[in-house]
Structure formats: structure tokens, C-alpha cells
Amino acid sequence: MSDLDTLKLKKIAVDCRIDMLKALANAQSGHSAGPLGIIEFFVAMYFKILHHDPKNPLLPDRDRFILSAGHYCPAMYVAMAHSGYFPVQEFIKTLRQFETRFQGHPHNLALPGIETTSGPLGQGISQAVGMALAAKIDKKNHRVYCLTTDGESQEGQVWEALMWAGGKNLDNLTAYIDRNFIQIDGNTEDVLPLEPLADKYRAFNWHVIEVDGHNFQQITEATDEAKAVHRPTMIILHTIPGKDVKEIENDYTWHGRPPTHDELKKFLPELEKIKKSL
Ligand SMILES: Cc1ncc(C[n+]2csc(CCOP(=O)(O)OP(=O)(O)O)c2C)c(N)n1
Ligand SMILES: [Mg+2]
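Cut-offs and rules
- Residues numbered from 1 in each chain as written.
- Chains lettered and ligands numbered in written order.
- Predicted model: local features only at pLDDT ≥ 70, side-chain atom pairs only at ≥ 80, totals over all residues.
- UniProt positions renumbered as here; feature names shortened; annotations may be inferred.
- Helix = DSSP H or I, 4+ residues; strand = E, 2+ residues; numbered from the N terminus.
- Contact = placed C-beta atoms within 7 Å.
- Core = buried A, V, L, I, M, F, W, Y, C linked by C-beta atoms within 7 Å.
- Buried ≥ 20, exposed ≤ 12 C-beta atoms within 10 Å, placed from the backbone.
- Pairing = 2+ DSSP bridges.
- Axes fitted to C-alpha atoms, helices over the stretch in contact; angles between N-to-C directions.
- Parallel < 35°, antiparallel > 145°, perpendicular 65-115°, else oblique.
- Left-handed = near helix turned anticlockwise from the far one by under 90°.
- Nonpolar A, V, L, I, M, F, W, Y, C, P; charged D, E, K, R; others polar.
- Near = placed C-beta within 6 Å.
- pLDDT = per-residue confidence, 0-100.

As annotated in an unreviewed UniProt entry, the chain carries the name Transketolase. Its UniProt record gives the chain the following Sequence similarities (unreviewed entry) comment, quoted word for word: "Belongs to the transketolase family."

Below, the structure written as C-alpha cells:
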């Protein structure tokens, strides 16, 4: 990836953080920490990785992207909006409002480009496994991508899905886990330790790659590597929850709370400063 490409993506990422915080403040509900930390991933997906067409969301040979942890949807919505699926302003003004297309957890019948409805943790990875199997049975060449999270991994269903995909060599499936070490009511290792996480995936016959989840080059290179491997791949994204807003960074109490309007006024200049420094 050229330096110019990386710079362009970094600028989009800052704009996404700004617009997402505006939407969350406007809604006065929603999740801030995880979604702020996963912005680079979604920008990489919608601007670099996915074979898709924002003007034709049902393109038959599109790659399928499944968001398993539905509460991350503000980050997905904002990256999709910037890539051309729908107007950014509609997202900012209507997130979580009554009858909006931008529900607090994604609703696939409401919004173009959303493959599955999610919110109950643990189900998306099973849906992705089913879609990857279906693609193989139908001899289709599209890939299936799925984003899951560390707190979500406490759902037993996740491990059934991983066991199946590993056991059946679903090499058209690439999953990512946001390893941000927080969940709704604490740090993951205090609530229920997950480590050694990479070894757990390997034991289930998955190829595992660990990357800095804020580094576009590492995300795209790992994704390319996954395409060349004849096993399902899990890419562990090491991220900082709340990234680039110092007051939110690494603080689990921001899991499910939006900024107040006063806090928004404080946070936006921080992000504008980062944008100017690029
Ligand atoms: C089956 C199910 N149980 C509980 C919840 C409530 N819930 C929503 S997010 C969350 C924490 C998930 O952990 P993680 O995704 O790591 O959180 P984050 O990193 O965003 O803080 C919980 C328990 C849910 N959505 N679904
Ligand atoms: Mg987490």
C-alpha cells in the first residue's frame, strides 16, 4: 500500500471518528469505546478490502461482511456512509431515533448493505460459517468476513462455530477479533480470562495472525495472507478502545455510553488536531 493510500485512509478514519461521536452525542445513547477503537478496521474493509459496490448493495458476487458484535454498528455505519452507501448526515441525525434506518444494533431489512441483523452476541460467527459453507456448496468465489469481539467470546456458540470451520477447512472465511481487553463491566482478563487466545484458535485448526488494529498496512497484508492459506484465518486486531479520545481510551466505563454535548465540544478539537497533523 502506498504512503498516499495510507494518508488518505488515515484522514477518512479521523472524519469517521468525528462523525460517529456527533451521531452518538445526538442520539444520547450508544457505544463509544469499542467503536472508536475499530474505525481503522472498518475503513480498511470498506475502502480497501471488500469486493462490494455501495450503489449496488446486493451485487451477487459481493464479499459478505458479517458484524457479529452488533453494538459496534456506529463504526460500521459511518465507514459505509463515507464509502457511499448512504448520506453521512442521515446517519448523524437519525442514529437510534424512532423509525430510523440506523438502529442501535444493525437491522438488515432496514438498511442496504447489512448482511445480517445482529445484537445478541455470539451468533454472527455462526452465520458467517454457514455463509462460507453455502458459498462452497454453490461453488461461488466470494469471501466471507466476520468481525467478533473479545467479550463476545464468552458465548459458547462462538466456539462451536470455530470448531466447525476449523474442522471443515473453510478457507473462504476470514474472521477478525477486536482484542481491546474490555467488555461491558470490566477488563476481559478480570471478568473471565481469554488468554492464551491465539493458541485456542490454533487448537481449533485456524490460521492465526496478530496485527496492530490501527495500522492499515498490517490489516490489509494479513487479509491478503489469509486468502492464500487453506484454512480459515483469525486475525487478532490489537486495538485501544476509545482510540484518539484520551478521556475514553482504555476505560471500560465508556463501553456503552455516549458523550454528552459538553464532552463532544471537548473531544472534537482533539480529533481536529490529529487531522491537521497528518
Ligand atoms: C447474548 C448477549 N448477552 C449480553 C449482551 C449485552 N452486551 C452487549 S455488549 C456486551 C459486552 C461484549 O464485550 P465486547 O464486545 O468485548 O465489549 P467492548 O469491547 O465493546 O467493550 C454485552 C455483555 C448481548 N448483546 N448479547
Ligand atoms: Mg472488548
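Peer 1: Help me get a handle on the overall build of the chain, residues and values and all.
Peer 2: When you go through the chain residue by residue, the secondary structure sums to 11 helices and 7 strands. For the chain, the C-alpha atoms occupy an extent of roughly 50 × 45 × 40 Å along the three principal directions. Counting contacts in the chain only where the partners sit at least 6 residues apart, residues at least 24 apart contribute 77% of the total.

Peer 1: Mind laying out the nonpolar core, listing which residues take part and the relevant values?
Peer 2: Ranked by size, the top nonpolar core spans 78 residues in total, and within it F42, A79 and A128 carry the most contacts. Examining the composition of this core, we find that 10 residues originate from one element, helix α1 (residues 3–27), more than from any other. In this structure, A79 is in contact with C16, F42, V43, M45 and Y46, ignoring residues within four places of it in sequence.

Peer 1: Tell me about the sheet that holds strand β1 (residues 64–67), residues and numbers included.
Peer 2: In spatial order, the strands read β1-β2-β3-β7-β6; together these 5 strands make up an open sheet with parallel pairing. Each having just a single partner strand, β1 and β6 (207–212) make up the two edges of the open sheet. Taking the axes of each pair of neighbouring strands and ignoring which way they run, one obtains an average angle of 20 degrees across the sheet. Judged from the 6 bridges that link them, strand β2 (residues 144–149) and strand β3 (residues 173–179) form a sheet pairing that is parallel. When the bridges of β3 are listed, C146 appears paired with A175.

Peer 1: I'd like to hear about the packing of helix α3 (residues 39–49) against helix α10 (residues 216–227), residue by residue, with values.
Peer 2: Packed helix pairs are characterised by how far apart their axes lie and by the angle those axes make with each other. Packing of α3 against α10 brings their axes to within 10 Å, and their N-to-C directions diverge by 60 degrees. Here α3 is positioned oblique relative to α10, judged by the angle of their axes. Judged by the twist between their axes, the crossing of α3 over α10 is right-handed. For the pair α3 and α10, the contacting residues are E40, F41, A44, K48 and I49 in the first and F216, I219, T220 and T223 in the second. Residues belonging to the contact of α3 with α10 are distributed by class as follows: 5 nonpolar, 2 polar and 2 charged.

Peer 1: An account of the environment of P269 is needed here, citing residue identities and associated values.
Peer 2: With respect to the helices and strands, P269 occurs in helix α11 (residues 261–277). Residue classification places P269 among the exposed positions, given that 9 C-beta atoms sit within 10 Å. Sequence spacing of P269 and I18 is 251 residues, and the spatial spacing of their C-alpha atoms is 9.5 Å.

Peer 1: Tell me what's going on with the site of ligand 1, and back it up with residues and numbers.
Peer 2: Every one of the 19 residues lining ligand 1 counts as a neighbour, but G34, T149, G151, Q183 and H255 are closest to it. Those elements giving two or more residues to the shell around ligand 1 turn out to be α2 (33–37) and β4 (182–183). Broken down by class, the residue content of the shell around ligand 1 amounts to 7 nonpolar, 10 polar and 2 charged.

Peer 1: Outline the confidence of the model for the chain, supporting the account with residue identities and numerical values.
Peer 2: Here the chain shows a mean pLDDT of 97. Residues at 70 or above account for 100%. Mean pLDDT across the elements of the chain ranges from a minimum in α1, with 96, to a maximum in strand β7 (residues 233–238), with 99.

Peer 1: So what about the pairing of β1? Which residues, and what values?
Peer 2: The alternating pattern of β1 places R64 and I66 and F65 and L67 on opposite faces, both of which are buried. Alignment of β1 against β2, held across 4 bridges, turns out to be parallel. When the bridges of β2 are listed, L67 appears paired with L147.

Peer 1: Before we move on, can you summarise the packing of α3 against helix α4 (residues 73–83) with the specific residues and values?
Peer 2: Two elements in contact, α3 and α4, have axes separated by 9 Å at closest approach and are oriented at 35 degrees. The way α3 lies across α4 gives a crossing that is right-handed. Contacts from I39, F42, V43, M45, Y46 and F47 in α3 reach A75, M76, A79, M80 and S83 in α4. In the contact of α3 with α4, the residues fall into 10 nonpolar, 1 polar and no charged.

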